[in-house]
Amino acid sequence: MLRHLFLIGYDISCHRRRRLALRAVKGNAVGGQKSLYECWLTSAELQSVMGELRTVIDPVEDRVVFVRLDPRATVLTRGIGVAPADGDFFYLG
């Protein structure tokens with residue numbers, strides 16, 4: 001079961017739909033801020049999150065983006081940000 005690192009972001013105008021989108025994404029998130037979340041997902045989990053968000057958003061008013069990230073990339077911070085202290089593994093369950 002191979003997992004890939006994704007950045008999932010959304011811009012949703014309705015408070016109710018935004019709460020539902022948060023619930024769909026945050027269950028898989030390992031980090032995030034407001035409406036932008038890092039998620040390690042298998043192909044099946046990615047399809048599940050995409051399907052759930054499809055039922056939540058209004059395609060005319062709302063936007064959702066999925067970006068696959070390279071987990072080997074160097075973490076850069078600006079300002080007073082602190083690099084994440086991720087261990088060798090994480091538990092999602």
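Residues numbered from 1 in each chain as written. Predicted model: local features only at pLDDT ≥ 70, side-chain atom pairs only at ≥ 80, totals over all residues. Heavy atoms only, no water.

Caption draft 1: Representation of the sheet that holds strand β4 (residues 63-69) within the structure. With antiparallel pairing, 4 strands are arranged side by side in an open sheet as β2-β3-β1-β4. Single-partner strands in this sheet number two, and they are β2 (29-33) and β4. Averaged over neighbouring strand pairs, the angle between their axes works out to 20 degrees when direction is ignored. As paired elements, strand β1 (residues 4-11) and β4 share 7 bridges and run antiparallel to each other. (Pairing = 2+ DSSP bridges. Helix = DSSP H or I, 4+ residues; strand = E, 2+ residues; numbered from the N terminus. Axes fitted to C-alpha atoms, helices over the stretch in contact; angles between N-to-C directions.)

Caption draft 2: Examining the packing of aromatic side chains more closely. All told, the structure shown has 1 aromatic pair when counted by the stated rule. Aromatic pair tyrosine 10 and tyrosine 37: ring centres 6.5 Å apart, planes at 25 degrees, arrangement stacked. Highlighted residues: tyrosine 10 in strand β1 and tyrosine 37 in strand β3 (residues 36-41), separated in sequence by 27 residues. Across the pair, exposure class does not vary: tyrosine 10 and tyrosine 37 are buried alike. (Phe/Tyr/Trp six-rings, centres within 6.5 Å; stacked < 30°, edge-to-face > 60°. Buried < 20%, exposed > 50% of the residue type's maximum accessible area, 1.4 Å probe, protein only.)

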